[in-house]
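Examination of the molecular architecture
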Protein chains: 2
Amino acid sequence: MAKMIIMYEQPKDIVGFEEHYFNVHVPLGLKIPNIIKDSVHHVIQSQNTNLELYMITVLEFESIQKLTEALASPEARAAEEDGVNLFKYVNPPIITIVN
Amino acid sequence: MAKMIIMYEQPKDIVGFEEHYFNVHVPLGLKIPNIIKDSVHHVIQSQNTNLELYMITVLEFESIQKLTEALASPEARAAEEDGVNLFKYVNPPIITIVN
């Protein structure tokens, strides 16, 4: 099981961020092939960090091969390009790929 | 669905960390009540951060209530107390609770 974990810090504009995120970015993200589970979470509490973590999204794939294949797709490219539109509301998120 | 996401940075002593983590800490963690799914992942790649993330563990609970109840258990206390033993190998992990 491979995952992409995307961590957003506190947005400069929460309303603008959430509106664009849920109405535009998530629908684009869900078109990416090979995703077997997706979840979007608001952070309630953090410890041992100065990061003000706000939202964590987890995309699950069957394997790192399926994830790599997904990231090479036109749908992933479209979601990535839209991601830039979020940066007026929030800093670029920490993105990790885990296996 | 509520989750506890635990993020370890690169250990000072990888062998010592992995040995204690998998042989002692994980078995203690799995005794915590209400966990419906657990997963331990090695980080393959990170973007947009200076953190050298090494390992991410995700514990899933049915609800924030179930998670809160779990954290108040003696089993969670035992795992937390053992966590201190890891700090000779690694910095205290970033711990987030998400909903």
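In short, a report on the structure.

Notes on the interface of chain A and chain B
- Across the contact, 30 residues belong to chain A and 30 residues belong to chain B.
- Overall, the association of chain A and chain B removes approximately 2,300 Å² of surface from exposure, summing both partners, and the carbon and sulfur fraction of that is 59%.
- Where chain A touches chain B, the interface holds two salt bridges.
- Here E60 of chain B makes a salt bridge to K37 of chain A, at a shortest N to O gap of 3.8 Å.
- For the pair chain A and chain B, the number of links is 16 residue pairs in polar contact (both at pLDDT 80 or more).
- Those elements giving two or more residues to the side of chain A that touches chain B turn out to be β1 (2–9), β2 (37–47), β3 (53–61) and β4 (94–98) of chain A.
- No other element matches β2 of chain A, which puts ten residues into the side of chain A that touches chain B.
- When the residues that make up the side of chain A that touches chain B are grouped by side-chain class, the tally is 17 nonpolar, ten polar and three charged.

A word on the pairing of strand β1 (residues 2–9) of chain B
All names here are of chain B.
- Of all eight residues that make up β1, seven are buried, and the element is covered over most of its length.
- Summarising the sheet, β1 and strand β4 (residues 94–98) pair through five bridges and their orientation is antiparallel. Pairing of K3 across the sheet is with V98, part of β4.

Quick word on the packing of aromatic side chains
Residue and element names in this part refer to chain A.
- This model, assessed by the stated rule, comprises ten aromatic pairs over all chains.
- Measuring from centroid to centroid gives 6.1 Å for F17 and Y54, while their planes differ by 70 degrees, and the two rings are edge-to-face. In this pair, F17 is assigned in helix α1 (residues 14–29) and Y54 in strand β3, connecting sequence segments 37 residues apart.
- Accessibility expressed as a relative area gives 12% for Y54, which makes it buried.
- Relative to F22, the ring of Y21 lies with its centre 5.4 Å away and its plane at 90 degrees, an arrangement referred to as edge-to-face.

Observations concerning the packing of helix α1 (residues 14–29) of chain B against helix α3 (residues 74–86) of chain B
Residue and element names in this part refer to chain B.
- Put simply, α1 and α3 touch, their axes get as near as 9 Å, and they point 170 degrees apart. Between α1 and α3, the interaxial angle falls into the category roughly antiparallel. Judged by residue contacts, F17, H20, Y21, V24, H25, L28 and G29 of α1 engage E75, A78, A79, D82, G83, N85 and L86 from α3.
- Residues of the contact of α1 with α3, tallied by class, amount to seven nonpolar, five polar and two charged.

Some details on α3 of chain B
All names here are of chain B.
- With 13 residues, α3 extends 19 Å from end C-alpha to end C-alpha; this agrees with the ideal 18 Å at 1.5 Å per step.
- Buried within α3 we find A76, A79, D82, G83 and L86. Angularly, the buried residues of α3 cover 125 degrees about the axis, an arc narrow enough to put them on a single face. The exposed set on the far side of α3, more than 90 degrees from its buried face, consists of P74, R77, E81 and V84.
- Where α3 is buried, its residues meet β1, α1 and α2 (64–71).

Side note on the relation of the copies chain A and chain B
- When chain A is brought onto chain B, the operation consists of a screw motion whose angular component is 180 degrees and whose axial shift is 0.0 Å, with 0.0 Å RMSD remaining. The superposition of one copy onto the other is thereby described by a two-fold rotation axis.
- When you check the interface residues of chain A against chain B, 100% turn up at the interface there too, and the contact is symmetric in its surfaces.

Structural notes on the environment of D82 of chain A
Residue and element names in this part refer to chain A.
- Tracing the chain through its elements places D82 in helix α3 (residues 74–86).
- Each C-alpha atom, one on D82 and one on Y21, is 9.6 Å from the other, the two residues being 61 residues apart in sequence.
- Within the structure, the side chain of D82 is placed 2.8 Å from the side chain of H25, a separation counted as a polar contact.

Calculation notes
Residues numbered from 1 in each chain as written. Chains lettered and ligands numbered in written order. Predicted model: local features only at pLDDT ≥ 70, side-chain atom pairs only at ≥ 80, totals over all residues. Heavy atoms only, no water. Contact = heavy atoms within 4.5 Å. Buried area = accessible area lost by both parts, 1.4 Å probe. Salt bridge = Lys/Arg side-chain N within 4 Å of Asp/Glu carboxyl O. Polar contact = N/O pair within 3.5 Å; in protein donor to acceptor, adjacent residues only side chain to side chain. Helix = DSSP H or I, 4+ residues; strand = E, 2+ residues; numbered from the N terminus. Nonpolar A, V, L, I, M, F, W, Y, C, P; charged D, E, K, R; others polar. Buried < 20%, exposed > 50% of the residue type's maximum accessible area, 1.4 Å probe, protein only. Pairing = 2+ DSSP bridges. Phe/Tyr/Trp six-rings, centres within 6.5 Å; stacked < 30°, edge-to-face > 60°. Axes fitted to C-alpha atoms, helices over the stretch in contact; angles between N-to-C directions. Parallel < 35°, antiparallel > 145°, perpendicular 65-115°, else oblique. Expected span 1.5 Å × (residues − 1). Arc of directions from axis to C-beta. Least-squares fit on C-alpha atoms with pLDDT ≥ 70 in both.

These figures come from the coordinates and say nothing about function on their own.
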